[in-house]
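Secondary and tertiary structure notes
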Amino acid sequence: MIGGMNMQMDWNNLGFSYIKTPWRYIAKWKNGQWEKGELREENYLTIHEGSPALHYGQQCFEGLKAYRRKDGKINLFRADQNSRRLNQSARRLLMPMVPEPMFMEAIKKVVKANEEFVPPYGTGATLYLRPFLIGVGENIGVHPASEYLFVVFCTPVGAYFKGGLKPTNFIVSDYDRAAPNGTGAAKVGGNYAASLLPGTQAKESDYSDCVYLDPATHTKIEEVGAANFFGITKDNQFITPQSPSILPSITKYSLLQLAQERLGLKAVEGDIFIDQLDQFAEAGACGTAAVISPIGGIYYKNHLHVFYSETEVGPITKRLYDELTGIQFGETTAPKGWIQVVE
């Protein structure tokens, strides 16, 4: 029941958009410590007008999913890694750490309280969880907040890209996603705000999103929209960019391990020069929301470089996608520690 009305969900046709669910978790940090968190029904926050999150961008967030298994149980995928990454972002912005047991308890409480919104097995849909940490309280100077809120809410989502697993094209942007030695490795809102203009321009030119090059030399691929890049070379290497200004994607590191251990590829983090795309037989973008988005081609300097195909998914990309989603939905045995079951 939501708002006194029965809600009939069309699980097979969910988009990637906000749908209110009954419960979210909120905890407050004040006087140097975390107060006990609680589940609340209200989906609005009341914060002080001077909150540093509003003026100086002192905030960070995470994204992860809960997956309904065939036996009806619910899986979390490497949620402990989201906890650690949130704290890495928090350190960069001088925010308090959220202890991992507290993070995990919050995630599991929110999933359990909203269990009816975890989509059924077989629909491909998931319950998306958004933990975030914001600096609040009275403030006007440029300094860290005196109080903080840690919040977790959830919403059921379908595929991030409509049409499922099919290749799309991307265009190299003249804009930089992050500065050298900046906040590129932290999952902070400012990075995403800066991407809105180049991302919109790419879509207006009929590309899925833009490719960002390294800000120092503009010669190497760093990220693809809000996702990490990977390429499969013609001699069966799985390569992803390595840079201190790339967000450390949990999906990317999972694919690196699976590519090597289960597909027998050589897995490498290294430089990927934009003028050396010919080495790749396949390419893709990866992240929690999109999982894997196959890249048909990249447009750069008046030329569209096509990888495997603009219409068909490459065989290795497909195998990686099937392996990863099989683990997430409980169809395939997971490496040790990758899955937590919500009891």
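As the structure is a computational prediction, the values presented were derived from the model and not from experiment. (Residues numbered from 1 in each chain as written. Predicted model: local features only at pLDDT ≥ 70, side-chain atom pairs only at ≥ 80, totals over all residues. Heavy atoms only, no water.)

Some details on the domain arrangement of the chain
Stated formally: These domain limits were set by an automatic method or by a database of domain assignments. We call two residues in contact when some of their heavy atoms are within 4.5 Å. Take the accessible area each of two parts loses on contact, using a 1.4 Å probe, and add the two losses: that sum is the buried area. Should a side-chain nitrogen of Lys or Arg be within 4 Å of a carboxyl oxygen of Asp or Glu, the pair is scored as a salt bridge.
Structurally, the chain comprises domain 1 (24–157) and domain 2 (168–329). Between the C-alpha centres of domain 1 and domain 2 there is a distance of 26 Å. On the domain 2 side, the residues contacting the 26 residues of domain 1 number 22 residues. The junction of domain 1 with domain 2 conceals about 1800 Å² of combined surface from both sides, 61% of it contributed by carbon and sulfur atoms. Contact with domain 2 buries area across many residues of domain 1, yet Phe61, Phe77 and Arg85 alone supply 32% of it, more than any other trio. At the surface where domain 1 touches domain 2, the tally comes to zero salt bridges.

Structural notes on the UniProt feature "modified residue: N6-(pyridoxal phosphate)lysine" (unreviewed entry) in the chain
To keep things clear, this is the line we draw: UniProt positions are given in the numbering used here, feature names are shortened, and annotations may be inferred rather than shown by experiment.
If you check UniProt for "modified residue: N6-(pyridoxal phosphate)lysine" (unreviewed entry), the listed places come out as Lys187 in our numbering. Not counting chain neighbours up to four residues away, the residues in contact with Lys187 comprise Cys60, Phe61, Glu62, Gly63, Arg85, Ser89, Tyr192 and Leu247.

Here's the deal with the pairing of strand β10 (residues 209–213)
Our working definition: For every residue, the accessible area obtained with a 1.4 Å probe (protein chains only) is divided by the maximum for its type, and the residue is called buried under 20%, exposed over 50%, and partly exposed between those limits. Helix and strand labels come from DSSP, where a helix needs a run of H or I of at least four residues and a strand needs a run of E of at least two; each type is numbered from the N terminus. Strands are treated as partners if at least two bridges between them are detected by DSSP.
With five of five residues buried, β10 lies mostly within the body of the structure. Pairing of strand β9 (residues 168–172) with β10, which is carried by three bridges, proceeds in the parallel orientation. In the strand pairing of β10, Val172 is matched with Val211. Summarising the sheet, β10 and strand β11 (residues 221–224) pair through three bridges and their orientation is antiparallel. Note that in β11 the partner of Val211 across the bridge is Val224.

Topic: helix α4 (residues 189–204)
Our working rule: One less than the number of residues in a helix, times 1.5 Å, gives the span that helix is expected to have. For a residue, the bend is simply the angle between two axes, fitted respectively to the seven-residue segment ending there and the seven-residue segment starting there.
Under the 1.5 Å per step criterion, the end-to-end length of α4 is 23 Å for 16 residues, consistent within 8% with the ideal 22 Å. Taken as a whole, α4 carries its principal kink of about 40° at Leu196; the proline Pro198 stands between one and four residues after it. Every buried residue of α4 is listed here: Gly189, Asn191, Pro198, Gly199 and Ala202. Among the structural elements, β4 (59–61), β9 and β10 are those in contact with the buried residues of α4.

Concerning unusual backbone geometry
Peptide bonds are mostly trans, and most non-glycine residues show a negative phi. Located in the positive-phi region is Asn181, a residue other than glycine, with phi close to 60°. Note that Asn181 resides in the loop between β9 and α4. Given a relative accessible area of 74%, Asn181 falls into the exposed group. Unusually for a residue other than glycine, Asn302 sits at a positive phi of about 65°. Here Asn302 lies in the loop between β16 (291–300) and β17 (303–306).

Regarding the environment of Glu49
With respect to the helices and strands, the residue Glu49 is situated in the loop between β3 (38–40) and α1 (52–55). Residue Glu49 is classed as exposed on the basis of its relative accessible area of 66%. For Glu49 and Arg319, which are 270 residues apart along the polypeptide, the C-alpha to C-alpha distance reads 49 Å. Ignoring any residue separated from it by four or fewer positions in sequence, one finds Glu49 in contact with Leu54 and His55.

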